[in-house]
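A closer look at the structure
For reference, the chains in residue letters:
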Amino acid sequence: MRGREIKILFVNPGRGIYDMPPLGVCYLSSYLKKYGANTYKTVLADEYAGHNPVKVVRQFEPDIIGFSSATAQYQRATDLARKIRRVSDAPLVIGGLHPTALPEQVIREGFFDIAVVSEAERSFTQLVDALSESDFALDGGALRDIPGIAFKSDDEIVLTQPPNFIDDLDTIPFPDRSLLDLKHYLRRNAAIRSMITRNTTLMTSRGCPFRCIYCISVHRRKLREHSPEYVIEEMQSLVRDYNLEGLCIIDDTFIFHAKRASRIAELMLEKGIAQRLKWPCYGRANIVSRSEDSFINLLKQAGMAQMEFGFESASKRVLQFLKGKGVTPEDNEATLDRLARLDVRALATFLTGVPTETAEESRMTVEFIRRNFDRLAYFEILYLVPYPGTKVWEMYHMDDIISPSLWRNYKIGLNKRFPVDSEFTRNIDYEAADKAVNEVLSMMVRKQKLTYNLRFLRDRLRIAPLDTVKKVAAHFLGL
Ligand code: SF4
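It should be emphasised that the depicted structure is a prediction, and the values quoted were computed from it without experimental measurement. (Residues numbered from 1 in each chain as written. Predicted model: local features only at pLDDT ≥ 70, side-chain atom pairs only at ≥ 80, totals over all residues. Heavy atoms only, no water.)

Quick word on the overall build of the protein
Threshold: Note on conventions: DSSP H or I runs of at least 4 residues are helices, E runs of at least 2 residues are strands, and numbering of each starts at the N terminus. Two things to know: the radius of gyration comes from C-alpha atoms, and the globule rule equals 2.2 Å times the number of residues to the power 0.38. For every residue, the accessible area (1.4 Å probe, protein chains only) is compared with the maximum for its type, and the residue is labelled buried under 20%, exposed over 50%, or partly exposed between those bounds. Residue contacts are counted whenever heavy atoms from the two residues lie within 4.5 Å of one another. The protein chains shown are the only cover counted for residues, whose accessible areas, like all others here, come from Shrake-Rupley with a 1.4 Å probe. Only four residue types enter the charge count: Lys and Arg as positive, Asp and Glu as negative, with His and the chain ends excluded. The atom standing in for a charge is NZ when the residue is Lys, CZ when it is Arg, CG when it is Asp and CD when it is Glu.
Assigned secondary structure in the protein consists of 21 helices and 17 strands. Against the globule reference of 23 Å for 479 residues, the protein gives a C-alpha radius of gyration of 23 Å, in line with a compact fold. Its C-alpha atoms put the protein at 65 × 55 × 55 Å along the principal axes. Evaluated residue by residue, the protein yields a buried proportion of 57% over its 479 residues. The contacts in the protein between residues at least 6 apart in sequence include a share of 76% that link residues at least 24 apart. Surface accessibility of the protein: about 21100 Å² in total, with carbon and sulfur atoms responsible for 51%. A distance of 6 Å separates the average location of the 67 positive side-chain charges in the protein from that of its 62 negative side-chain charges.

Set out below in structure tokens:
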């Protein structure tokens, strides 16, 4: 028999346009409800959906409050934690990319009581049940046995043993999407670029076997995958429950095992899902350029509308510095050749402001984009940011020079120079990087005028013709 009812409030801190549902907390909720020893009432206060977390805390009176935070959200997470402390004694727990990278620093700062590191389902479930045993008082003794957490005990920061990752992903229940504000997350949007759809996200695997130096994942490097049957069952439930038109597959490497991805595509066709859903996925040039046309065609038949890539650089030296020896600019070019031939839209991001990148190397990237202007449905160029937890962070010894307050006082932007004078920034030719960013930006504006706006308009006309005509008329008549 289940024990007491525990009230848990999840907080998704941050503001702005961000249409990705916070799937991580949905997984925590469903995992708790399936595997925890008690009963649980879970609620999400989601700032992206316009909720006021402090108000929700007052109304809901949670026993535990769990924040989810990447580095870019951390400033907002600490602001909210400070405000919530004034109205609640519940333990404040934080998980996500930022505490995964810097668990001890996060605890030392004192905004949160407990940090959950890396993949959190198991640790969080154990933590919630342990806290309920002590009536939600922080009992350092009991917490020490829970893997994958950090906390403070008698002035000492304790980081427990590494977390237990879940090997068989099919044992994880579908994420508890009942937490989400569906008015916000299911409104039609352009998450599949240039296509306005009613969509949501789906994760069919966790982890990535590659080693890009700018990347951090809470799911470790080892790739684990759901079975095609599990994926199809989840897709069917999404189509049935939410009347979707699009589904964003957010796996790091959905196509890594062609056999599994092909089986998913076949089942989508067999079950009639492909006929209803358009979907994008992330690709990797060294996989796509070396795969069979028949594989890409099968994905396309199953509804794949576009593939997104991190092409990063047209200089082999810079590309391999960032992504390792397994990928070349020729792979990027061959990927575009193949996708153009098979009529699949290709989207790509590029990086500049990379330490040791020369003016000539950043110019090569700009030229690559110019040359492939027509074949790239979307592109952008960003400055490399040395996020905590990445290899580039380690390489430039950022731990020694970045004060914790940086993450609270600086709005991290991929379109901004990194603000701290360091070995990292001193190795960057910012004049060349700025020039590359400006040139690509003007190409982006041209591209969007040519394609994005026209497609957007076409889709808007289809969805709300009268309203669209009125808005266009108002725009041109200056009303
Ligand atoms: S950037 Fe993509 S391919 Fe590279 S390590 Fe991260 S998830 Fe893997």
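Re the sheet that holds strand 7 (residues 156–159)
Keep this limit in mind: Strand pairing is assigned whenever DSSP identifies at least 2 bridges connecting the two strands. Angles shown run from 0 to 180 degrees and are taken between the N-to-C directions of axes, each axis being a line fitted to C-alpha atoms and, for helices, limited to the stretch in contact.
Sheet architecture is open: seven strands sit in the order 2-1-3-4-5-6-7, paired in mixed fashion. If you trace the sheet from one side to the other, it starts and ends with strand 2 (39–46) and strand 7, each paired once. On average, each strand axis in the sheet is tilted by 20° relative to the strand beside it, whichever way the strands run. The sheet contact formed by strand 1 (residues 5–12) and strand 3 (residues 64–68) spans four bridges and is parallel. Paired with Ile 8 across the two strands is Ile 64, which belongs to strand 3. Contacts from helix 6 (residues 121–133) reach strand 1, strand 2, strand 3, strand 4 (92–95), strand 5 (114–116) and strand 6 (149–153) within the one sheet, and its direction differs from that of strand 1 by about 130°.

Re the domain arrangement of the protein
Our working definition: Domain segmentation is taken from an automatic or database assignment of domains. Values labelled buried area give the accessible surface lost by two parts on being combined, using a 1.4 Å probe and summing over both. By salt bridge we mean one thing: a side-chain nitrogen of Lys or Arg within 4 Å of a carboxyl oxygen of Asp or Glu.
Along its sequence, the protein is organised into domain 1 (5–159) and domain 2 (188–384 + 429–451). The distance between the C-alpha centroids of domain 1 and domain 2 comes to 31 Å. Counting from both sides, the interface comprises 12 residues of domain 1 and, opposite them, 12 residues of domain 2. Across the interface of domain 1 and domain 2, roughly 1100 Å² is buried in total on both sides, 58% from carbon and sulfur atoms. Among the residues domain 1 hides against domain 2, the three largest losses belong to Tyr 27, Leu 97 and Glu 119. Together they make up 44% of the total. Between domain 1 and domain 2 we count three salt bridges in total.

Quick look at unusual backbone geometry
Excluding glycine, most residues fall at negative phi; most peptide bonds, likewise, are trans. Not every positive phi belongs to a glycine, and Asn 243 is a case in point at roughly 50°. Mapping Asn 243 onto the fold places it in the loop between helix 9 (228–242) and strand 13 (246–249). Even without being glycine, Asp 343 reaches a positive phi, approximately 60°. Its place among the elements puts Asp 343 in the loop between helix 14 (329–341) and strand 16 (345–352).

Some remarks on the site of the ligand
Filter applied, for reference: Whether a residue is near a molecule or strand depends on its heavy atoms: if one lies within 4 Å, it is near. For this classification, the nonpolar set comprises Ala, Val, Leu, Ile, Met, Phe, Trp, Tyr, Cys and Pro, the charged set comprises Asp, Glu, Lys and Arg, and every other residue, Gly included, is treated as polar.
By nearness alone, every residue bordering the ligand is listed as Cys 208, Phe 210, Cys 212, Tyr 214, Cys 215, Asp 252 and Arg 284. Its residues assigned to classes, the shell around the ligand shows five nonpolar, no polar and two charged.

Description of the packing of aromatic side chains
The criterion, for reference: Between 30 and 60 degrees the pair is tilted, below 30 it is stacked and above 60 it is edge-to-face, where a pair is any two Phe, Tyr or Trp rings, Trp via its six-membered ring, whose centres lie within 6.5 Å. By the criterion adopted, a ring carries a charge over it if an Arg CZ or a Lys NZ lies within 6 Å of its centre and within 35 degrees of its normal.
Taken as a whole, this structure holds 15 aromatic pairs when the rule is applied. Just above the ring of Tyr 27 sits the side chain of Arg 206; from NZ or CZ to the centre is 4.8 Å.

Observations concerning the sheet that holds strand 14 (residues 279–282)
A sheet is described by the order of its strands in space; here four strands give the open sequence 14-15-16-17, paired in parallel fashion. Sheet topology places strand 14 and strand 17 (376–383) at the edges, where each strand pairs with a single neighbour. Here the strands of the sheet are splayed against their neighbours by 20° on average, with no regard to which way each runs. Relative to strand 17, strand 16 runs parallel, the two sharing seven bridges. Along strand 17, the bridge assignment pairs Thr 349 with Glu 380.

Let's talk about the pairing of strand 3
Both faces of the sheet carry side chains from a regular strand, because those side chains alternate between them. Counting buried positions over the five residues of strand 3 gives four, a clear majority of the element. Here strand 3 pairs with strand 4 via four bridges, running parallel. Counterpart to Ser 68 in the pairing with strand 4 is Gly 95.

Focus: the pattern of salt bridges
Under the defined criterion, the tally for this structure stands at 29 salt bridges. With a shortest N-O distance of 3.4 Å, Arg 260 and Glu 225 are connected by a salt bridge. Placement of the pair is Arg 260 in helix 10 (residues 258–270) and Glu 225 in strand 12 (residues 224–225), with a sequence separation of 35 residues. Its relative accessible area of 9% is what places Arg 260 among the buried residues. Residue Glu 225 is classed as partly exposed on the basis of its relative accessible area of 24%. Between Lys 435 and Glu 439 there is a salt bridge, with its nearest N and O atoms 3.3 Å apart. With Lys 435 and Glu 439 both in helix 20 (residues 430–463) and four residues apart, this pair spans about one turn of that helix. Looking at Lys 435, the relative accessible area reads 52%, which means it is exposed. Note on Glu 439: relative accessible area 26%, which makes it partly exposed. Ionic contacts of the salt-bridge type, sharing partners, join the residues Glu 119, Glu 121, Arg 206 and Arg 224 into one network.

Description of helix 13 (residues 316–323)
Three or four residues apart is the spacing at which side chains of an α-helix point the same way, because the helix has 3.6 residues per turn. All of the buried residues along helix 13 are Val 318, Leu 319, Gln 320, Leu 322 and Lys 323. Packing partners of the buried residues in helix 13 comprise strand 15 (304–312), helix 14, strand 16 and helix 15 (359–371). Once helix 13 finishes, Gly 324 follows within two positions and takes phi at roughly 90°, a positive value.

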